[in-house]
Every structure is written in C-alpha cells, then in structure tokens.
Amino acid sequence: MKPIITLLSIALGLLSGHIAQAEGQPVPAKGYALFSEDGHFKPYEFERHAVGENDVLIEIMYAGICHSDIHTVRSEWGPSHYPIVPGHEIVGRVTQVGDNVTKFKPGDYAGVGCMVNACGECDNCKAGLEQFCEKGAVFTYGSKDKYHGNAITQGGYSNNIVVSEDFAIKVPEDAEIEKVAPLFCAGITTYSPLEYAHIGEGDKVGVAGFGGLGHMAVKYAVSKGADVTVFDITEEKRQDALDMGAVKYVNVRNPEELKGLQNNFKLILSTIPAHYDPTMYVRMLEMGGELVIVGLPANDQRPSIDIGSLVFMSRRKVSGSLIGGIPETQEMLDYSVAHGIYPEVEVIPVGQIDEAYRNVVDGEVKFRYVIDMSTMQ
Ligand code: NDP
Ligand code: ZN
C-alpha cells in the first residue's frame, strides 16, 4: 500500500508543480514575513521541519488574517521573534504523508488552526484540550517547537506547512474552500464557549465586537436558536447583523441604545480587541449569567474589572476562553459545513497584506480577509 501512496503523492506533487520531499530532509518554504514590529510584509524563504512518520505536508491554498496576527506581529502582547510569518487560519491540500499517517492521503483537504503540537499525554491533552497542555502547546507561529529542536514556528502566510496529523483537521471535498480557513480560529474560538454554555433555543446571547470572531459568534448562536444582540461601535454593520439573524444591534457609542438592557443576557461573548468597559456588559447579564472574554487587546489597552461591582452584581460570572481543542475543532468544522455556516470573506492577493492590516485596525473589513496563497510568486 505504502509504495502506491508514495507514487500517488509524487504524481500529485508533479501535477501541482511541487516535488515530494525527500524523507528526513527539511522542507523548503516561502512565505510573507514581517522583519520588525513596525515593518512591511516582505517575501521570506525558510525551512519547515522534515515530514516525520506522523506528519502531513500541506500545500496552503488560503490563510485568514486574524486580529491576533496583528497584535502578535506588532509585539502588542510582548516581544515577538522576527522575522515572523503569521497566520493560524490555514487550509490547503495534503501533498505528502508520513509512513504512520492514517487520517489523510495525498490530495485531501486539510486545515490547521492555532496549534501544531502538544504532549498528548497530560490530563488536558487527553481531555482534548490541547490548548491547555500542561507542558505547553506549540502554537502555529512564533512558538518554540520543543518537539523539533526548539525551532520557532512559522505560520500560514506561506506556501506549505508540515504538521502532525493529530493537529490537522479533515475538511470535506464539498466545503466552500475559500471560506474555510477562518473557521480554524474565528470559528472555533466562538463555537467553543457557546457550546460550553449549552446555548440553545431562546437563550439571550450578546456578542460584543462584530468583526471576524463576532460575526461567527452571531452565526453559531443564531443556528442554535438563540436570541442574539450585537454590540459594536459603528453604524455600518447594523444591517449585516440583522441579516445574519440578530434580533437587535446596539451601537455602544449611542448611550440611548443601551437603555433597558440590564439583567438581560444568559451569556455575553466579548471579542473586543481594544480598550472598553467590561463592567458595562456584566450589568447586562441576568442573575447567574456569564461574560466570556475572548478578545485580547494589546497589553497597554487591557481593561480591568472593578471587583466592587462584581460583589454587588453577585452570581454574575466573568470568564475567559482560548480557541478550542482539536476534537472540538473537528466538530466545529463538521457542524459549519453541514449547516452552511461560513465567514463572510474578502479574498486578497499576498501583495495586499499591509493594506488589509490597516483596514482591520480601522474597522474597514467585512468581515474577514483571506489571503489567496497561490498569488505568491
Ligand atoms: P476584528 O478586528 O475582526 O473584530 C473586532 C471587532 O470589535 C470590530 O468589529 C470592531 O469594530 C469591534 N470593536 C472595537 N472596539 C469596540 C468596542 N469598544 N465596543 C464594541 N466593539 C468594538 O478582530 P477579530 O475578531 O479577529 O479578533 C478579536 C479579538 O479576539 C482580538 O483581540 C484577537 O486577538 C482575539 N482572539 C482571541 C482568541 C482566543 O482564543 N481567545 C482567538 C482569536 C482572536 P470596528 O470594525 O468598527 O473597528
Ligand atoms: Zn486567530
């Protein structure tokens, strides 16, 4: 069987212009990197680790631009390693598989999100919560890969990636492939807390920040039958929220619209990437309700919560959520494809990454940029 798979892999590689990598050799890669925190994206050549026996080599087709990419490459969460190739919303085709791989064969679609490895042995990994691996998960870029000589990982704004099959997500052939990549971060990060809170029919859910993550939260919550209110700072997305099934849109810059919303929501999911007042959202929770925070502003813009307000608003909870584990990411992908839930995307060539970053920060994108990696020379 293996020789047939290897031959198939070589044939596919030749067809796509990519020669299968020699066993045990590092894989050459081309990407777009930032060389300093205030720089511009430039082409960058580097190496991926060799395709190990449990690994797959994926030829990347599309990579989403997440606001986390912007926080990271600008060192807004602390110093980053440069050059840095960001991108943790990745989809492409498998072009080569290691000897022990059973989940994929050459030619399959595969997705990669925010993680590329974890120990697999600790309680959290065994529970499918690899993002909380007790030995530390290896994140897709800018992370020390202790399983491969401590090399710093590089992300998806590139032509290929090598990853353990355990961290690659199966994507069916009938998926709307140019819209799939953002599901691996924006999708799972919003799907997971809604599932954890068992959001269902008639539950009142608020979504604060209606961008890449926020619009996915709206789509998932609506699909579960929830009664969704969206909070953002612009008028331009009001109609989009209603079109996606929200019952109400609140422009928080207009205090009139905030009236009458106290003691209302079972869950509010905050995806806001800038400074804001979380206590305002805690006040809008029903007794026992929960504010779940996923948005992570720059270190110098992080808001804090007045604990006095928490005491007097007893039993309302505030928690955080970090992406989702691999089994749940596969579940989210299957759910999304089965229900036709995809992000609203604008596909751009690699030459427009700098402009796209400006637009995300300025609120000029509806709702997610996806880079077409075939536009890379
Ligand atoms: P986007 O920039 O796409 O979306 C953010 C949205 O928040 C925009 O619509 C923006 O409005 C809106 N917004 C900004 N300020 C406010 C405010 N004060 N009140 C209400 N809305 C506001 O970002 P992403 O969705 O890609 O990411 C959101 C955050 O989530 C980032 O901090 C990111 O790092 C974090 N993140 C966290 C993850 C986790 O696992 N916890 C995973 C992935 C991302 P406008 O467009 O008009 O500016
Ligand atoms: Zn992300």
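Up top is the structure.
Draft legend 1. Main features of the coordination of the zinc ion (ligand 2). Coordination of the zinc ion (ligand 2) by the protein comes from Cys-66 (SG), His-88 (NE2) and Cys-185 (SG), over a distance range of 2.0 to 2.2 Å. As a motif over one chain, the donors of the zinc ion (ligand 2) read C-x21-H-x96-C. In this pair, Cys-66 is assigned in the loop between β3 (55–64) and α2 (67–73) and Cys-185 in the loop between β11 (169–171) and α4 (186–196), connecting sequence segments 119 residues apart. Cys-66 gets classed as buried once you look at its relative accessible area, which sits at 3%. For Cys-185, a relative accessible area of 5% gives the class buried.

Draft legend 2. Quick peek at the site of ligand 1. Contacts to ligand 1 come from 31 residues, most closely from His-67, Ser-68, Leu-213, Ile-323 and Arg-368. Contact distances for ligand 1 include 2.9 Å between an oxygen atom and a side-chain N or O atom of His-71. Lys-237 is positioned with one of its side-chain polar atoms (N or O) 2.8 Å from an oxygen atom of ligand 1. In the complex, 91% of the free accessible area of ligand 1, which totals 930 Å², lies under the protein chains. Mapped onto the shell around ligand 1, the elements with two or more residues apiece are α2, α5 (212–223) and β13 (227–232). It is α2 that provides the largest number of residues to the shell around ligand 1, a total of three residues. Tallied by class, residues from the shell around ligand 1 come to 16 nonpolar, 12 polar and three charged.

Definitions and cut-offs
- Residues numbered from 1 in each chain as written.
- Chains lettered and ligands numbered in written order.
- Predicted model: local features only at pLDDT ≥ 70, side-chain atom pairs only at ≥ 80, totals over all residues.
- Heavy atoms only, no water.
- Donors = N, O, S within 2.8 Å, 3.2 Å for Na, K, Ca; no water.
- Helix = DSSP H or I, 4+ residues; strand = E, 2+ residues; numbered from the N terminus.
- Buried < 20%, exposed > 50% of the residue type's maximum accessible area, 1.4 Å probe, protein only.
- Near = heavy atom within 4 Å.
- Polar contact = N/O pair within 3.5 Å; in protein donor to acceptor, adjacent residues only side chain to side chain.
- Areas by Shrake-Rupley, 256 points an atom, 1.4 Å probe, with all protein chains shown as cover.
- Nonpolar A, V, L, I, M, F, W, Y, C, P; charged D, E, K, R; others polar.

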